[in-house]
Amino acid sequence: RKSNRDAVRSVNHGGNRFVPPSQWGMTVKQFRSFMASCRREACTWKALSEQVIKEQGSDIVLKDSGFVNGYQMNDSFVRPFTRGTGCSVALLLNPDQP
């Protein structure tokens, strides 16, 4: 798996600050590849999947076990991958032309 430091070295477009939002996208193949790399972090993925999240001070379940939600993906995979790069995952996966 390419580290975010390796990815930043190869970015030629300047990152999110210089690329218009209309170009912050990735292909379905890139999305699936990123998801697969997250799932390969088996211990983290399993722990997140098994986690049950309840509304604070309540028994209302906001996230049941058996899946990983978008908040967990962002906190555990997206932010660590992009931290300090100035780029989104999409722009790191498209270093030459978004």
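Q: Let's hear about helix 4 (residues 70-82): which residues, and what values?
A: Between its first and last C-alpha atoms helix 4 spans 16 Å; for 13 residues at 1.5 Å apiece the expected length is 18 Å, and the helix comes up short by more than 12%. In the structure, helix 4 departs most strongly from a straight axis at serine 76, where the bend amounts to approximately 25° and where the proline proline 80 lies between one and four residues downstream. Within helix 4, burial applies to Gln72, Met73, Phe77, Phe81 and Thr82. Where helix 4 starts, the residue carrying a side-chain oxygen 3.1 Å from the main-chain nitrogen of tyrosine 71 turns out to be asparagine 69. Positive backbone phi, at 75°, marks glycine 84, one or two positions downstream of helix 4.

Q: Help me get a handle on the side chain of lysine 63, residues and values and all.
A: Tracing the backbone through its elements, the reader meets lysine 63 in strand 2 (residues 61-63). Of the buried charged residues, lysine 63 lacks a salt bridge, with aspartate 64 as the closest side chain of opposite charge at 7.1 Å. Among the polar contacts made by the side chain of lysine 63, one reaches the main-chain carbonyl oxygen of leucine 48 at a distance of 3.0 Å. Side-chain polar atoms of lysine 63 contact the backbone oxygen of phenylalanine 67, separated by 2.8 Å. Ignoring anything within four residues of it in the chain, the contact list for lysine 63 reads Leu48, Ser49, Gln51, Val52, Ile53, Val68, Asn69 and Gln72.

Q: Which residues make up the confidence of the model for the protein, and what values do they have?
A: Mean pLDDT over the protein: 89, with 90% of residues reaching 70 or higher. Here helix 1 (residues 4-9) stands out as the element of the protein with the lowest mean pLDDT, 54, in contrast to helix 3 (residues 42-50), whose mean of 97 is the highest.

Q: Talk me through the pattern of salt bridges; I want residue IDs and the actual numbers.
A: A side chain with one charge may pair with a side chain of the opposite charge, provided their charged atoms come close. Tallied over the entire structure, the rule returns 1 salt bridge. Between glutamate 50 and lysine 46 there is a salt bridge, with the nearest N and O atoms lying 3.7 Å from each other. Taken together, the positions of glutamate 50 and lysine 46, both in helix 3 and 4 residues apart, correspond to about one turn of that helix. Each of the two residues, glutamate 50 as well as lysine 46, counts as exposed.

Q: Break down the nonpolar core for me, citing the residues and quoting the values.
A: Judged by nonpolar contacts, the single largest core of 15 residues is most densely connected at Phe34, Cys38, Trp45, Met73 and Phe77. Broken down by secondary-structure element, the contributors of at least two residues to this core are helix 2 (28-39), helix 3, helix 4 and helix 5 (89-93). If we ignore the near neighbours within four places in the chain, the residues touching tryptophan 45 are Met35, Cys38, Arg39, Val68, Met73 and Phe77.

Rules used in this analysis
Residues numbered from 1 in each chain as written. Predicted model: local features only at pLDDT ≥ 70, side-chain atom pairs only at ≥ 80, totals over all residues. Heavy atoms only, no water. Helix = DSSP H or I, 4+ residues; strand = E, 2+ residues; numbered from the N terminus. Expected span 1.5 Å × (residues − 1). Bend = angle between axes of the 7 residues up to and from the residue. Buried < 20%, exposed > 50% of the residue type's maximum accessible area, 1.4 Å probe, protein only. Polar contact = N/O pair within 3.5 Å; in protein donor to acceptor, adjacent residues only side chain to side chain. Lys, Arg positive; Asp, Glu negative; His and termini not counted. Salt bridge = Lys/Arg side-chain N within 4 Å of Asp/Glu carboxyl O. Contact = heavy atoms within 4.5 Å. pLDDT = per-residue confidence, 0-100. Core = buried A, V, L, I, M, F, W, Y, C linked by side-chain atoms within 4.5 Å.

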